[in-house]
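Below are the chains, spelled out letter by letter.
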Amino acid sequence: MTRILRWSALLLLLLTLPITASSAGQETRLDVTKHVLKNGMTLLLVERHTAPVFYSYTYFKVGSANEVGGIIGAAHLLEHMMFKGTRDIGTSDWQRESTLMNLEDDLYQRLYQAEGETENLQFQNDILGLDIEDNSAAIAAIRDSIAEVQRQIAEVVVQNELEEVYSTNGAYGFNAGTGYDMTSYVVAFPKNRLELLMMIESERLKNPVFREFYTERNVVIEERRLKVDTQGPAKLFEQLIATAFVAHPYQIFWEWESEVANLTRAEIADYFKRYYSPGRTVMAIVGDIDVEQTIAMADKYFDDIPAQAPPNRIETVEPPQIGEKRVIVKFDAEPELNIAYHKTSYAEPDDVVFRIIERLLSSGRTSRFYKNLVEGKRLALYAETSQFPGGAAGSLDPNLLIVDAAPKAPATCADLETAIYEEIDKLKTVPVDSLELEKIKNNLVAEFVWGMYSGFGLADKLAEFEATAGDWRYVNTLQEKMAAVTAEDIMRVAKKYFTEDNRTVAILEPVREEASHE
């Protein structure tokens with residue numbers, strides 16, 4: 001009965017959607033209009049007249065993987081800065097504010113220089129035995145000047161005015177996210193605010209103002225402290241990927257505080273100019289729109305943004321791993337185990353097989369990990385798999401399949417690790433049952449359909465697949481690939497990639513705070 005109800009629900013969904021995909025391998029038909037502006041910006045449009053609203057997702061083909069040493073954290077900080085407004089939004093006096101911002105930047109450069117001189121003076125006094133007067137008074141004077149300039153800037157800054165304008169006009173879900181390969185911005189509006197979206201979003205690209213830069217830089221630093229430095233699982237994961245990758249920029253989980261603390265406004269502006277170009281921009285709009293009118297508006301507001309040559313692509317290729325790596329993290333947290341295997345990029349034929357394997361091992365209560373490790377042997381509190389960096393369309397470069405598990409006392413991480421390998425080894429030797437395989441494929445197709453049911457979901461998928469694969473119709477290609485996966489493919493891929501030499505293991509060993517102070 002349960003199975004009948006599930007299929008009934010799916011059938012009802014399929015009948016109500018302007019897309020169709022009844023089972024694995026069948027094409028998902030979407031009425032998408034693709035329009036490329038003269039400067040290279042891509043627009044994807046879908047009319048859905050079920051409610052007087054529209055949903056917008058904009059993907060920029062840049063993320064933290066595009067950062068290099070010295071500007072680690074630029075992608076994330078830039079995402080924050082894009083909410084600070086424009087020359088017309090966020091200020092009561094742009095001319096005065098710009099003058100003060102330049103002065104603020106100059107003062108910070110003087111501060112950095114003076115602090116560097118302090119370290120040199122301290123070295124000369126402590127190591128060389130000299131008696132040179134320190135420059136603390138000069139540093140204090142610069143700090144006072146910075147405080148005064150920032151006080152004057154605050155007089156003209158209209159805080160959060162961009163968000164205020166959007167919310168006053170009925171915006172919903174105004175947000176953004178920074179990934180390794182992409183950065184996305186999202187918002188929904190009532191249908192009669194389409195031109196407002198076009199006008200403001202184009203201004204954010206033409207005349208962004210990175211105001212309150214130093215305050216926001218501290219916000220990003222604090223974000224890392226809260227989400228990484230104080231969290232055992234995050235510290236474990238950080239060490240896992242830093243150990244698994246030796247060359248590729250996927251190796252940095254979260255920007256380092258020392259790098260973010262030294263980012264300058266000029267560096268963020270340069271990063272923006274280099275990567276937020278029309279040719280690297282995909283905007284998807286889904287909802288109660290008229291396609292022809294929307295294209296006309298896009299041409300009106302975005303087409304005068306100059307085209308530019310693409311920046312250099314990431315040339316770094318992660319070399320093959322030549323032996324198992326292990327890392328121990330000692331932290332005041334519960335024990336946890338992470339295991340990573342190197343795998344292919346989204347474009348390689350084997351990549352889609354990992355999607356099936358991921359579901360086979362850890363998707364829901366019928367998965368192998370849950371049935372055998374959580375319920376059966378009672379070794380795990382949980383055992384899950386994921387792909388890093390991942391994403392609906394996949395990662396641009398070779399990446400990782402990761403197992404994240406926690407032992408259930410009295411089991412240890414070692415006990416659980418052995419049991420996990422036993423489950424993985426079964427993939428190499430025992431063909432997956434055809435019904436089990438078909439169920440996973442159908443679940444993945446259903447997930448795709450559900451994921452595109454909402455306006456946000458469809459706009460997100462279209463923009464992401466277009467930005468990743470260069471064609472939103474990769475939605476269909478991916479489903480065709482999944483439908484073609486066989487039990488033999490799973491055995492072949494498991495044998496090829498799930499090897500000891502291709503494996504990185506990270507173990508969190510609890511160290512209680514009181515013990516660490518002894």
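Here, every reference points to the structure presented above.
Okay, so let's go over this structure. Just so we're clear, the structure is a prediction, and the values are computed from it rather than from any experiment. (Residues numbered from 1 in each chain as written. Predicted model: local features only at pLDDT ≥ 70, side-chain atom pairs only at ≥ 80, totals over all residues. Heavy atoms only, no water.)

Remarks on the sheet that holds strand β1 (residues 33–36)
- On the basis of which strands lie adjacent, the open sheet formed by six strands has the order β1-β2-β6-β3-β5-β4 and mixed pairing. Edge strands, defined here as strands with exactly one partner in the open sheet, are β1 and β4 (172–178). Looking at each pair of strands side by side, their axes are set apart by 15 degrees on average, direction ignored.
- As defined by bridge partners, strand β3 (residues 53–60) adjoins strand β5 (residues 183–190) across eight bridges and the pair is classed as antiparallel. Looking at β5, one finds that T58 is bridged to Y185.
- Helix α6 (residues 194–206) rests against β3, β4, β5 and β6 (281–287) of the sheet, and its axis sits at about 155 degrees to β5.
- Against the sheet, helix α11 (residues 291–302) contacts β1, β2 (42–47) and β6, and its axis sits at roughly 155 degrees relative to β2. (Pairing = 2+ DSSP bridges. Helix = DSSP H or I, 4+ residues; strand = E, 2+ residues; numbered from the N terminus. Axes fitted to C-alpha atoms, helices over the stretch in contact; angles between N-to-C directions. Contact = heavy atoms within 4.5 Å.)

Things to note about the nonpolar core
- Counting residues in hydrophobic clusters, the biggest one holds 67 residues, and the most contacted among them are I420, L462, I490 and F498.
- In this structure L462 touches L30, V32, L44, V46, A284, V286 and W472, once residues within four positions along its chain are discounted.
- The next biggest cluster of nonpolar side chains, apart from the first, holds 64 residues, and it includes L77, I142, L162 and L197. (Core = buried A, V, L, I, M, F, W, Y, C linked by side-chain atoms within 4.5 Å. Buried < 20%, exposed > 50% of the residue type's maximum accessible area, 1.4 Å probe, protein only.)

Some thoughts on the packing of aromatic side chains
- Tallying each qualifying case throughout the model produces 31 aromatic pairs.
- A ring pair is formed by F83 and F174, whose centres lie 5.0 Å apart and whose planes are at 50 degrees; its orientation type is tilted. Of the two residues, F83 is situated in the loop between α2 (74–81) and α3 (94–126) and F174 in strand β4; the sequence distance between them amounts to 91 residues.
- Look at F448 and F465: their rings are 6.1 Å apart centre to centre, the planes differ by 70 degrees, and that puts the pair in the edge-to-face class. Taken as a pair, F448 in helix α15 (residues 434–451) and F465 in helix α16 (residues 455–469) lie far apart in primary sequence, 17 residues in all. Each member of the pair, F448 as well as F465, carries the same accessibility label: buried.
- Cluster of aromatic residues (ring-pair linked, three or more members): F54, F60, F83, Y166, F174, Y185, F189, F210, F272 and Y276.
- The lysine or arginine in question, R204, covers the ring of F83, its NZ or CZ lying 5.2 Å from the ring centre.
- One residue, R503, lies across the ring of Y421, its end atom 3.9 Å from the ring centre. (Phe/Tyr/Trp six-rings, centres within 6.5 Å; stacked < 30°, edge-to-face > 60°. Lys NZ or Arg CZ within 6 Å of the ring centre and 35° of its normal.)

Observations concerning a nonpolar patch on the surface
- On the surface, a nonpolar cluster with roughly 320 Å² of combined accessible area is contributed by F123, I127 and L128.
- Its place among the elements puts I127 in the loop between α3 and α4 (136–156).
- With relative accessibility at 58%, the residue I127 sits in the exposed group. (Patch = residues over 30% accessible without salt bridge, like charges linked within 9 Å, V, L, I, M, F, W, Y side chains within 5 Å. Areas by Shrake-Rupley, 256 points an atom, 1.4 Å probe, with all protein chains shown as cover. Salt bridge = Lys/Arg side-chain N within 4 Å of Asp/Glu carboxyl O.)

Details of the side chain of T183
- Mapped onto the secondary structure, T183 falls in strand β5.
- Here T183 falls in the buried class, since its relative accessible area comes to 1%.
- A polar side-chain atom of T183 sits 2.8 Å from the main-chain carbonyl oxygen of V62.
- Residue contacts for T183: discarding those within four places in its chain leaves T58, Y59, F60, V62, G63, E79, G177, T178 and Y276. (Polar contact = N/O pair within 3.5 Å; in protein donor to acceptor, adjacent residues only side chain to side chain.)

Some remarks on the pairing of strand β7 (residues 325–331)
- What you see with β7 is a clean split: K325, V327, V329 and F331 sit on the buried side and R326, I328 and K330 on the side with no burial.
- Pairing analysis gives seven bridges linking β7 to strand β11 (residues 503–510), with the strands arranged parallel. Note that in β11 the partner of V329 across the bridge is L508.

A word on the environment of W254
- You can see W254 is positioned in the loop between α8 (232–244) and α9 (257–260).
- Residue W254 is classed as buried on the basis of its relative accessible area, which comes to 17%.
- The sequence separation of W254 and K227 amounts to 27 residues, and the corresponding C-alpha distance is 9.3 Å.
- Setting aside its immediate chain neighbours within four residues, W254 contacts H76, E223, R224, K227, V228 and E238.
- Of note is the side chain of W254, whose polar atom sits 3.3 Å from the side chain of E255.

Considerations on the pattern of salt bridges
- Evaluated as defined, the whole model comprises 38 salt bridges.
- K235 is the partner of E238 in a salt bridge, and the nearest nitrogen-oxygen pair spans 3.3 Å. With E238 and K235 both in helix α8 and three residues apart, this pair spans about one turn of that helix.
- Taken together, the salt bridges that share partners define one network made up of R96, E148, R151 and E155.

Details of the sheet that holds β11
- Taking strand neighbours across the sheet as the criterion, the five strands line up as β7-β11-β8-β10-β9 in an open arrangement whose pairing is mixed. Either end of the sheet is taken by a strand with one partner, and the two such strands are β7 and β9 (380–388). With strand direction ignored, the average angle separating the axes of adjacent strands in the sheet is 15 degrees.
- When strand β8 (residues 336–343) meets strand β10 (residues 399–407), the two strands line up antiparallel, connected through seven bridges. For H342, the partnering residue across the bridge sits in β10 and is L400.
- Here α8 sits on the sheet and contacts β7, β8, β9, β10 and β11; the angle it forms with β11, its principal contact strand, is near 150 degrees.

Here we look at helix α7 (residues 213–229)
- Helix length check: α7 (17 residues) gives 23 Å between terminal C-alpha atoms against 24 Å at 1.5 Å per residue, within 8%.
- Looking at α7, one finds that the buried residues are F213, Y214, E216, R217, V220, I221, E223, R224 and V228. On an axial view of α7, the arc spanned by its buried residues comes to 165 degrees, and they lie on one face. Residues of α7 that are exposed and angled more than 90 degrees away from the buried face: T215 and L226. (Expected span 1.5 Å × (residues − 1). Arc of directions from axis to C-beta.)

Considering a negative patch on the surface
- The grouping of D31, E47, D290 and E292 at the surface amounts to a negative patch.
- Counting through the fold element by element, E292 comes out in helix α11. (Lys, Arg positive; Asp, Glu negative; His and termini not counted. Charge placed at Lys NZ, Arg CZ, Asp CG, Glu CD.)

Overview of the side chain of N135
- For N135, the location among the structural elements is in the loop between α3 and α4.
- Discounting chain neighbours no more than four positions away, the residues touching N135 are A114, E117, T118 and L121.

Here's the deal with the packing of helix α12 (residues 351–362) against α15
- One way to put it is that α12 packs onto α15 with a least axis distance of 10 Å and a crossing angle of 105 degrees. Classified by the interaxial angle, the pair formed by α12 and α15 is roughly perpendicular. Judged by residue contacts, R355, I356, R359 and L360 of α12 engage E436, L437, I440, K441, L444 and E447 from α15.
- Here the contact of α12 with α15 is built from residues that sort into five nonpolar, no polar and five charged. (Parallel < 35°, antiparallel > 145°, perpendicular 65-115°, else oblique. Nonpolar A, V, L, I, M, F, W, Y, C, P; charged D, E, K, R; others polar.)

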